[in-house]
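Given next are the chains, with one letter for each unit.
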Amino acid sequence: MMDTQYFIVTILLCLGIILLIQSINTYRFRNKLSLPPSPTALPIIGHIHLLGPIAHQALHKLSTHYGPLMYLFIGSIPNVIVSSTEMANEILKSNELNFLNRPTMQNVDYLTYGSADFFSAPYGLHWKFMKRICMMELFSSRAIDRFANVRTEELRKLLVRVMKKAEIEESVDLGEQLKELTSSIITRMMFRERRSDSGRREEVIKMVVELNELAGFFNVSETFWFLRRLDLQGIKKRLKNARERYDVIIERIMKEHESRNHKDAGGVRSMLDILLDIYEDKNSEIKLTRENIKGFIMNIYGGGTDTSAITVEWALSELINNPEIMKKAQQEIEQVVGDKRLVQESDLCNLSYIQAVVKETLRLHPGGPIFVRESNEECAVAGYRIPAKTRVIVNVWAIGRDPNQWEDPLEFKPERFEGSEWKVMSEKMVSFGAGRRSCPGEKMVFRFVPLVLAAVIQCFELKVKGRVEMSEGSGSSLPRATPLVCVPVAREGIKSLFSLEPKVNF
Ligand code: HEM
């Protein structure tokens, strides 16, 4: 009896000592570690007055004074800004598990049926299941191969449109053309669009553009805690209206896909067909809801159309302004492909300079200039305390221009990505994020962006008056301030491929 009592008392004593040590450590941690450096904040607005219309540029400027890890208040919301490769690695790799969530943003949360999508879903069973579907079914190499014809056909349509302009010596807005190309490809991959569905693309795209604008709209009630219950901007009504209209369009498309007629039509299965199969599968490990699918469609349009188009547009702008680099890129295509046929996806493994041009473009003009995560628990990063539920803004744009990492950081030099070091160099950029929550579309981007770029410069010389203006506009996917408008001139030798338009040999 005495022995048992003695045993229990000893165990309780040990537990007490452990708890005491833990609380002393937490107390020390809290009091020893300071928050990352921060400029002086103003009452109520915090640091909002320091952010210009182009957030990544303003944050970059601040980071040159306050360092690669900065603490800022946007209204009542605490944020840590990450502006170097080392700090990005600390957050995204060394402390990965603590930063796998994205913050809940009111506009996005409402539009995505309460974060039922993939992009804003919390890191948990649903997100893990969708990630597996992405990597094994939707964006695996085999899945990307299935849509090779779609990419080829849509690229051919773009080249024919530009060729028509070349024939009448008229200028063309390449940015617009490229957006049309990427949204057509995504629509055909998502819905297996047929000729009879031609109005669908415009309808869905217009709707998604509106949703994206609303998602990024500055929400005053969310930013200032004392306005939380008010809707001074009438945003709730706009969000409700937009989501209802989106729902009607997508529900109709989903019903069409569920019909026998559609199922019996055969052909390559679209992404929506695959998702609906999982939705109908009673034995599926995770039950997908219709809202999960609708949210996912929003993500793929939101993440996959403008980003890729804008990357090609910036790459062409850099090449036009750097004729030597343009010449080297065109020579590589001539050597690998010749002038009897157009460049195709299977050539890409031999076009290392074109690949380097794309990487250098992503360094200086990343299609996602900033991305956001959130800390789950309080932790220490590089000797600073990061409180729980702090928004973490990774400034990809600043990381690509960090003079400690890149020689002549503002120069466009694709050569830095040539040779054996290219992989290490690419990882330094975090253009597609890092770790489990990184971009699932990266493989597709590298299949498609270099191909479009190579095809355009293989076929055309692009003439502009003077130099291309390189200012950035505002927008989440780094748009140019002014569209890339130029007069295309068909290159010698290539003309014959277009002689019996629209037949082009691929
Ligand atoms: C040049 C083109 C692109 C760039 C620069 C880009 C960049 C990014 C970045 C920086 C992130 C955040 C990663 C992180 O938090 O670590 C992201 C996430 C994402 N991207 Fe992309 N992306 C591109 C193209 C695409 C494409 C083509 C698709 C799909 C068709 C896509 C779908 C997504 C999705 C669904 C996520 C969310 C992943 C998650 O939360 O788990 N992106 N992308």
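In this text, all values refer to a predicted model and were calculated from it rather than measured experimentally. (Residues numbered from 1 in each chain as written. Predicted model: local features only at pLDDT ≥ 70, side-chain atom pairs only at ≥ 80, totals over all residues. Heavy atoms only, no water.)

A.B. asks: Describe the sheet that holds strand 1 (residues 69–74), naming the residues involved and giving the relevant values.
C.D. replies: Taken together, the four strands give an open sheet; going across it, the order is 1-2-7-4, and neighbouring strands pair in mixed fashion. Of all the strands in the sheet, the pair left with one neighbour each is strand 1 and strand 4 (370–374). This sheet shows a mean twist of 30° between the axes of neighbouring strands, independent of strand direction. Of the strand pairs in this sheet, strand 4 and strand 7 (residues 391–395) are connected by five bridges, and their pairing is antiparallel. Following the sheet pairing, R373 is matched in strand 7 by V392. Contacting strand 1, strand 2 (77–82), strand 4 and strand 7, helix 2 (residues 55–66) crosses the sheet at an angle of about 130° to strand 1. (Pairing = 2+ DSSP bridges. Helix = DSSP H or I, 4+ residues; strand = E, 2+ residues; numbered from the N terminus. Axes fitted to C-alpha atoms, helices over the stretch in contact; angles between N-to-C directions. Contact = heavy atoms within 4.5 Å.)

A.B. asks: Talk me through the coordination of the iron atom of the ligand; I want residue IDs and the actual numbers.
C.D. replies: Just one protein atom coordinates the iron atom of the ligand, and that atom is C439 (SG), at 2.3 Å. Looking at the secondary structure, you find C439 in the loop between helix 19 (422–429) and helix 20 (442–459). (Donors = N, O, S within 2.8 Å, 3.2 Å for Na, K, Ca; no water.)

A.B. asks: For the packing of helix 17 (residues 352–364) against helix 19, give the residues involved together with the corresponding values.
C.D. replies: For the pair helix 17 and helix 19, the least separation of the axes is 10 Å and the interaxial angle reads 25°. The orientation of helix 17 relative to helix 19 falls into the category roughly parallel. Judged by the twist between their axes, the crossing of helix 17 over helix 19 is left-handed. For the pair formed by helix 17 and helix 19, the contact residues are K359, L362 and R363 on the first element and W422, S426 and M429 on the second. A per-class count over the contact of helix 17 with helix 19 returns three nonpolar, one polar and two charged. (Parallel < 35°, antiparallel > 145°, perpendicular 65-115°, else oblique. Left-handed = near helix turned anticlockwise from the far one by under 90°. Nonpolar A, V, L, I, M, F, W, Y, C, P; charged D, E, K, R; others polar.)

A.B. asks: Lay out the sheet that holds strand 8 (residues 460–463) in plain terms, naming residues and giving numbers.
C.D. replies: If you walk across this open sheet you meet the three strands as 3-9-8, and the pairing is antiparallel. The sheet is open, and its two edges are formed by strand 3 (172–173) and strand 8, each paired on a single side. With four bridges joining them, strand 8 and strand 9 (residues 485–490) adopt antiparallel strand pairing. Residue pairing in the sheet places F460 in a bridge with A490 of strand 9.

A.B. asks: An account of the packing of aromatic side chains is needed here, citing residue identities and associated values.
C.D. replies: Counted under the stated rule, the structure contains nine aromatic pairs. Both rings, one in W225 and one in F226, keep their centres 5.6 Å apart while their planes meet at 90°; by these two values the pair is edge-to-face. Aromatic rings pair up to connect F118, Y123, W127 and F296 into one cluster. In this arrangement the basic side chain of R102 is found over the ring face of F119, its NZ or CZ atom lying 4.3 Å from the centre. (Phe/Tyr/Trp six-rings, centres within 6.5 Å; stacked < 30°, edge-to-face > 60°. Lys NZ or Arg CZ within 6 Å of the ring centre and 35° of its normal.)

A.B. asks: Outline the site of the ligand, listing residues and values.
C.D. replies: The ligand sits among 25 residues. The nearest are R102, W127, R373, R437 and C439. Between an oxygen atom of the ligand and a main-chain N or O atom of A434, the distance comes to 3.4 Å. Between an oxygen atom of the ligand and a side-chain N or O atom of R437, the distance comes to 3.0 Å. Element by element, the count of residues in the shell around the ligand is highest for helix 14 (residues 290–304), at three residues. (Near = heavy atom within 4 Å. Polar contact = N/O pair within 3.5 Å; in protein donor to acceptor, adjacent residues only side chain to side chain.)

A.B. asks: Residues and numbers for the pattern of salt bridges, please.
C.D. replies: The full count for this structure, using the stated rule, is 32 salt bridges. Taking the shortest distance from any N to any O, the salt bridge between E258 and R290 comes out at 2.9 Å. Here R290 lies in helix 14 and E258 lies in helix 11 (residues 235–258), a separation of 32 residues in the sequence. For E258, a relative accessible area of 22% puts it in the partly exposed group. Through salt bridges with shared partners, a single ionic network connects D247, E251, K255, E258, R290 and K294. (Salt bridge = Lys/Arg side-chain N within 4 Å of Asp/Glu carboxyl O. Buried < 20%, exposed > 50% of the residue type's maximum accessible area, 1.4 Å probe, protein only.)

A.B. asks: A description of the confidence of the model for the protein chain should follow, citing residues and the corresponding values.
C.D. replies: Of all residues in the protein chain, 91% attain a pLDDT of 70 or more, and the chain-wide mean is 90. Overall, residues 500–506 carries pLDDT values under 50, and its contacts beyond four positions in sequence, including any with other chains, amount to 21 contacts. (pLDDT = per-residue confidence, 0-100.)

A.B. asks: An account of the environment of Q330 is requested, with residue identities and associated values reported.
C.D. replies: When you line up the elements, Q330 lands in helix 16 (residues 323–337). Take Q330: its relative accessible area is 5%, and that puts it in the buried class. Expressed as a C-alpha distance, the spacing of Q330 and I354, which sit 24 residues apart in the sequence, is 8.8 Å. Setting aside its immediate chain neighbours within four residues, Q330 contacts I457, F460, E461 and R491.

A.B. asks: Would you mind going over the packing of helix 7 (residues 148–167) against helix 20 in detail, with residue names and values included?
C.D. replies: Contact geometry of helix 7 with helix 20 gives a least axis separation of 11 Å together with a crossing angle of 30°. Considered as vectors, helix 7 and helix 20 are oriented roughly parallel to each other. Crossing angle aside, the handedness with which helix 7 passes helix 20 is right-handed. For the pair formed by helix 7 and helix 20, the contact residues are R151, L155, L158 and L159 on the first element and R447, F448, L451, V452, A455, V456 and C459 on the second. Of the residues that constitute the contact of helix 7 with helix 20, the class distribution is nine nonpolar, no polar and two charged.

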